Every structure is written in C-alpha cells, then in structure tokens.
Amino acid sequence: QWKESSSESSWKNPETGNWPAVCIRIIDVGTHEAEYEGRKKQLRKSMIVWELPGQLDDEGKPMVISNTYTASLGDKAKLRAHLESWRGRPFTPEELQGFDAKNILRKPCLLNLIEVQGQKGPKVVVTSVSAIPKGMPAPPAPVNDSYLYSIDEHDPAVWDKLSDGIKAWIGRSIEHQSGAVSAPQSQPAAPTYSADEIPF
C-alpha cells in the first residue's frame with residue numbers, strides 16, 4: 001500500500017466500494033526477484049497510483065491508493081486485464097505494440113476497493129478498474145502531483161518527489177544494483193480527455 005503521507009500514524013485506509021478515481025502517477029520500481037512455487041523469477045514491477053476525489057484525508061486532501069503490477073501486457077497479465085476493463089474494450093495487437101504508459105496519466109476510472117487482511121493488519125486494495133459509467137460525471141482534475149517515473153529515463157526532479165519508502169524499494173531493484181539508470185528525457189504533457197471518449 002502506497003502512502004501519500006510520510007507519517008505512518010496519520011495514514012488511514014480509504015473506504016471500500018466503487019469510487020471514481022483519477023490516475024496521478026505511474027512509477028517504475030524496477031526488476032525484483034520473486035519466488036513462486038519454489039522457482040525464482042525476475043519480474044519488472046510498476047505501481048499505478050490513483051487519487052480518490054470522493055474521499056478526503058484528515059487534512060482535507062483527496063486520498064490516494066495504489067496497485068503494483070508485473071509490467072506485462074501478456075494474455076493473462078493482471079495489468080492488461082485492468083487496462084482493458086478500464087478502457088472498455090480489448091487491445092488490438094497494434095494497440096498493444098504501441099501502448100505507452102504515460103497515456104493513462106490523469107485519466108478517470110472507477111475503482112472497486114475491498115478490505116483484505118495484510119501482514120500489518122487490514123488494508124484496502126484495488127480489485128478492479130473500469131470505465132466511468134455513462135451518465136456519471138468525470139472526476140475533477142487531480143489535486144495531488146501527477147507524474148511518471150521511469151528507471152530507464154531517470155529524472156532527478158521526479159525522483160525527488162518519491163517517498164523514501166519507494167526510493168528504497170527502487171534502490172533494491174536489479175537495475176539500481178547494477179547501475180543501469182539512464183539520463184532523463186523530456187516527457188510530453190499528459191493529454192486531456194472528455195468524459196465520453198475511451199481514455200487511452
């Protein structure tokens with residue numbers, strides 16, 4: 001669970017249910033070793049962070065929630081399933097080839113949130129991402145900072161915005177351990193959207 005606040009004590013879980021949201025961040029956390037059924041695999045991971053304008057924290061700011069995905073758009077990948085339900089249709093092979101993660105920045109969606117038992121107690125997680133239903137107003141422009149961080153195009157200005165916990169997580173990645181961090185490249189502004197169009 002990603003935390004907007006640096007103070008653990010001030011963090012609280014969002015309410016469960018279906019909530020309009022806006023994607024505010026995509027964070028590449030790099031390649032990490034994982035063990036599944038006794039076999040070790042190296043998996044590239046990405047975090048998507050959403051703002052929940054309908055839920056406010058103790059300071060009156062919209063709450064945020066995140067989900068971490070294996071960075072894969074394969075047939076059985078959770079990221080692909082969530083993106084396809086978000087956009088409301090499957091990807092064509094051509095769309096998969098040309099998909100750019102930055103295109104989901106500042107795009108609206110509907111999140112389904114449920115409570116599960118985590119290692120440190122109950123936590124709220126994202127179980128599905130879908131398109132904003134017809135007739136429902138699109139959520140307002142986000143209040144929290146919106147950005148994309150890529151290890152392959154490391155940008156010190158964006159890096160400085162990451163929490164210490166996320167920096168430490170990225171620091172444990174194979175890319176950082178091997179020193180394979182590239183210089184930044186310019187990032188185009190995220191396109192705007194209308195409530196009726198497929199968001200990406």
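Residues numbered from 1 in each chain as written. Predicted model: local features only at pLDDT ≥ 70, side-chain atom pairs only at ≥ 80, totals over all residues. Heavy atoms only, no water.

1. Thoughts on the overall build of the protein chain
Condition: Secondary structure follows DSSP: runs of H or I at least 4 residues long count as helices, runs of E at least 2 residues long count as strands, and numbering of each begins at the N terminus. Accessibility here uses a 1.4 Å probe with only protein chains present; expressed as a share of the type maximum, an area under 20% marks a residue as buried, one over 50% as exposed, and anything in between as partly exposed.
Summing up its helical and strand segments, the protein chain has five helices and six strands in all. Helices and strands in the protein chain line up, N terminus first, as β-β-β-α-α-β-β-β-α-α-α. Considering the protein chain as a whole, with its 200 residues, one finds that 38% of them fall into the buried category.

2. Section: the nonpolar core
What counts, and what does not: Here, the term nonpolar core denotes a set of buried Ala, Val, Leu, Ile, Met, Phe, Trp, Tyr and Cys residues that are joined through side-chain atoms within 4.5 Å.
Residues Cys23, Trp50, Ile65, Trp86, Leu111, Leu113 and Val129 are the most contacted members of the largest nonpolar core, which totals 22 residues. Going through the elements one at a time, β1 (17–36), β2 (39–56), β3 (62–70), α1 (78–87), β4 (108–118) and β5 (121–130) are the ones with two or more residues in this core. Counting residues per element, this core draws most heavily on β1, which supplies four residues. Grouped together as the second largest cluster of nonpolar side chains are 14 residues, Tyr149, Ile151, Trp159 and Ile170 included.

3. Points about the pattern of salt bridges
The following threshold applies: Salt bridges are defined by distance alone: a side-chain nitrogen of Lys or Arg within 4 Å of a carboxyl oxygen of Asp or Glu.
On inspection of all chains with the given rule, the structure shows nine salt bridges. Among the salt bridges present, the one from Asp152 reaches Arg44, with a minimum N-O distance of 3.4 Å. One end of the pair, Asp152, is in the loop between β6 (147–149) and α3 (156–159); the other, Arg44, is in strand β2, with 108 residues separating them in the sequence. Residue Asp152 is classed as partly exposed on the basis of its relative accessible area, which comes to 41%. On the basis of relative accessible area, Arg44 is assigned to the partly exposed category, the value being 25%. What you see here is one network of salt bridges that share partners, running through Asp28, Arg44, Asp152 and Glu175.

4. Quick notes on the environment of Ser46
Along the polypeptide, Ser46 turns up in strand β2. Residues Ser46 and Tyr69, spaced 23 residues apart in sequence, show a C-alpha to C-alpha distance of 5.3 Å.

5. Re the packing of aromatic side chains
Basically, it comes down to this: Stacked, tilted and edge-to-face pairs are distinguished by plane angle, under 30 degrees for stacked and over 60 for edge-to-face with tilted covering the rest, among Phe, Tyr and Trp rings (Trp via its six-membered ring) whose centres lie within 6.5 Å.
For the structure shown, the criterion picks out three aromatic pairs. Aromatic pair Phe91 and Phe99: ring centres 5.6 Å apart, planes at 65 degrees, arrangement edge-to-face. Given a relative accessible area of 8%, Phe91 falls into the buried group. Taken together, a centroid distance of 5.7 Å and an interplanar angle of 50 degrees make the contact between Tyr149 and Trp159 tilted. Of this pair, Tyr149 sits in strand β6 while Trp159 is found in helix α3, placing the two residues 10 residues apart along the sequence. You'll find Tyr149 and Trp159 in the same group, each marked buried.

6. With respect to α1
Note the cut-off: Two residues qualify as a contact provided that any one of their heavy atoms is within 4.5 Å of a heavy atom in the partner residue.
By the criterion of burial, α1 is predominantly enclosed, with seven of the 10 residues buried. Those residues of α1 that sit buried are Leu79, Arg80, His82, Leu83, Glu84, Trp86 and Arg87. Next to the buried residues of α1 lie β1, β2, β3, α2 (93–98), β4 and β5. Just beyond α1, the residue with positive phi is Gly88, at close to 85 degrees.

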